[in-house]
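Reading the structure
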Amino acid sequence: MKITFLGATGTVTGSCYLLETSGLKILIDFGLYQEENEDNSEISFNPKEIDAVLLTHSHIDHVGRIPLLFKKGFKGKVYCTNQTKELAVIMLKDSANIQERATELENESRIKAGLDKKEPLYNTEDVEISLSYFYPIPFNKKESFKNIIFEFIEAGHILGAASILVDVKENTYHETICFSGDLGNSGNLLLDPPKFNGECDYLVMESTYGNRVHEDVKLRSEKLGDILLDIYNNKEIGIIPTFSLGRTQNIILELKKLLKTDKYRALNSLPIYIDSPLGMKATTIYENNKEALKNNLVNDSNLFHLDNAHFLEELKETFTVIRSDNPKLIISSSGMCNGGKIMFYLKEFLKSNLTNIIFIGYQAENTLGRKILEKNTSVFINKKEYKVNAKIHKINGYSAHADQTDLINFVTNLKKSPDIIFITHGENDSREILKEKLAEKGYRNIILPEKNKQIQM
Ligand SMILES: [Zn+2]
């Protein structure tokens, strides 16, 4: 078999691998790049030649270019778990809306400049077409497709997220390759840790936090609780940029836990606004799939209910919250501040030293979130400069991603050492450090593939 690393090499977005075996071409994920300088319309293979797609999960950097694949002539099945299909519906429709709106805006200035109009990367119709080809498979069920057998195994990252074990039969022998997908943080409040502990000849693994160990569960709660208590006591503003899918639901659960403790009981009077239409839809899907969450949550009928939290639906409510009195806590998307409702709050509140931006998720290079996190004194939003006087906080423990310890455990829990480990989905520094750590444990054959690198196995 042959594998080509088409995305998420030295970066964390744009996940895509091409697996080729005798006469068969399979894509694993086809995600959007979220860095500002990447071109999502560029496809380096012929979509008509792809036989099927296997999806690890529904985050947009893994599923976000699937409609483009159909638009360019792909006609095969997209295999994924049941929950990934449900979530992909809302993620892809939201993405199409963003593409359409962005293109509309761009076209206004193109027309003024006498240029031809551009088409969006894909539209809602392309999304509807692609969704009709999604083919859900339950976790842990072996599925055959021509000369491969594959299986989705819980990865604990977000609802429906899977590692994919692919058994490839070529002539008289067969080999196995595991795509870890994004691996969950062992401190995830909603999901069990990654479950794959079998054997594979080759392992393609993520390394988002290959260079870091998260704060432990108790420490992260206290850190968040203390920041929120300061905000409450000093009548300030808290803004948590959060990913709609996974992180929003985890943070609501964390707040519920905090508010029950004596130390943070005062926070029951802190108004909390959850302003993420996509986050609300995702929360409903989590509620409807409780059997896929941790056992202790299955019977909680008010899983995501908080007395002092308000879920905002209309844009006019966003402006009411902006004008409302302090203190207040706003939880809004997108998590890397590269679009979504959070932009309204940032434009209004970045300049104030009463503002606290609390980052709880990964900020990719070249995103607004990364620039704010790196304490730039001013940032540009839609070409306009905004001063940053806000206090910036960072809590690593809430990441949906495995940390260095979790990643190493994932590998050492395998029944046998893979012949080759490919480290992807991480910035180069993370990949290098994870490679060193695994080498210390005796794993010698480790490759950090560059973009478009092809490897024949
Ligand atoms: Zn993910």
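Scroll up to find the structure.
To start, this report covers the structure provided alongside it.

In this section: the sheet that holds strand β6 (residues 134-136). With mixed pairing, the 7 strands of this open sheet are ordered in space as β6-β5-β4-β3-β2-β1-β22. Because the sheet does not close on itself, it has two edges, and the strands there are β6 and β22 (453-456). Averaged over all pairs of adjacent strands, the angle between strand axes in this sheet comes to 25°, irrespective of strand direction. With 3 bridges joining them, strand β5 (residues 77-80) and β6 adopt parallel strand pairing. Across the sheet, Val78 pairs through a bridge with Phe134, a residue of β6. Contacting β5 and β6, helix α3 (residues 82-112) crosses the sheet at an angle of about 150° to β6.

Okay, the sheet that holds strand β21 (residues 446-447) next. One open sheet accounts for 7 strands, arranged β7-β8-β9-β10-β11-β20-β21; its pairing is mixed. Whereas interior strands pair on both sides, the edge strands pair on one side only; in this sheet they are β7 (143-145) and β21. Two strands pair when backbone bridges link them, and strand β11 (residues 202-206) and strand β20 (residues 420-424) are joined in this way by 5 bridges, in the parallel orientation. Looking across to β20, one finds that Leu203 is bridged to Ile421. Strands in contact with helix α11 (residues 404-412) are β9 (162-170), β11 and β20; relative to β11, the strand with the most contacts, it is inclined by about 165°. Packing against the sheet, helix α12 (residues 428-440) makes contact with β11, β20 and β21, and its axis sits at approximately 155° to β20.

Attention now moves to the packing of α3 against helix α4 (residues 124-131). At a closest axis distance of 8 Å, the pairing of α3 and α4 adopts a crossing angle of 160°. Looking at the two axes, α3 sits roughly antiparallel to α4. α3 and α4 meet at a crossing whose hand is right-handed. On α4, the residues touching Lys85, Ala88, Val89, Leu92, Lys93, Ala96, Asn97 and Glu100 of α3 are Thr124, Val127, Glu128 and Leu131. Partitioning the contact of α3 with α4 into residue classes produces 6 nonpolar, 2 polar and 4 charged.

Note that the residue after Asn326, namely Pro327, is joined by a cis bond; omega there is -5°. Among the structural elements, Pro327 can be located in the loop between α8 (315-323) and β15 (328-332). Here the bond from Ser333 into Ser334 is cis, since omega is 10°, no more than 30 degrees from zero. In this structure, Asn382 takes a positive phi of about 50° despite not being glycine. One can find Asn382 in the loop between β17 (378-381) and β18 (384-387).

About the thresholds
- The numbering scheme is per chain: residues are counted from 1 as the chain's sequence reads.
- For this predicted model, a pLDDT threshold of at least 70 governs which residues receive local features, and a threshold of 80 or more governs which side-chain atom pairs are given and counted, while totals over whole chains, interfaces and linings are taken from all residues.
- Think of the side-chain values as coming from all heavy atoms in the structure, minus any hydrogens and water.
- Note on pairing: DSSP must find at least two bridges between two strands before they are called paired.
- Per the convention used, a helix needs a DSSP run of H or I reaching at least four residues, while a strand needs a run of E reaching at least two, with both numbered from the N terminus.
- Angular values range over 0 to 180 degrees, each being the angle between N-to-C directions of two axes fitted as lines to C-alpha atoms, with helices fitted over their stretch in contact.
- Contacts were defined at the residue level, with two residues in contact if any of their heavy atoms lie within 4.5 Å.
- Here roughly perpendicular refers to angles of 65 to 115 degrees, roughly parallel to angles under 35, roughly antiparallel to angles over 145, and oblique to all remaining angles.
- In this scheme, a crossing is called left-handed if the near helix is turned counterclockwise away from the far one by less than a right angle; it is called right-handed if the turn is clockwise.
- In this classification, Asp, Glu, Lys and Arg are treated as charged, Ala, Val, Leu, Ile, Met, Phe, Trp, Tyr, Cys and Pro as nonpolar, and every other residue, Gly included, as polar.

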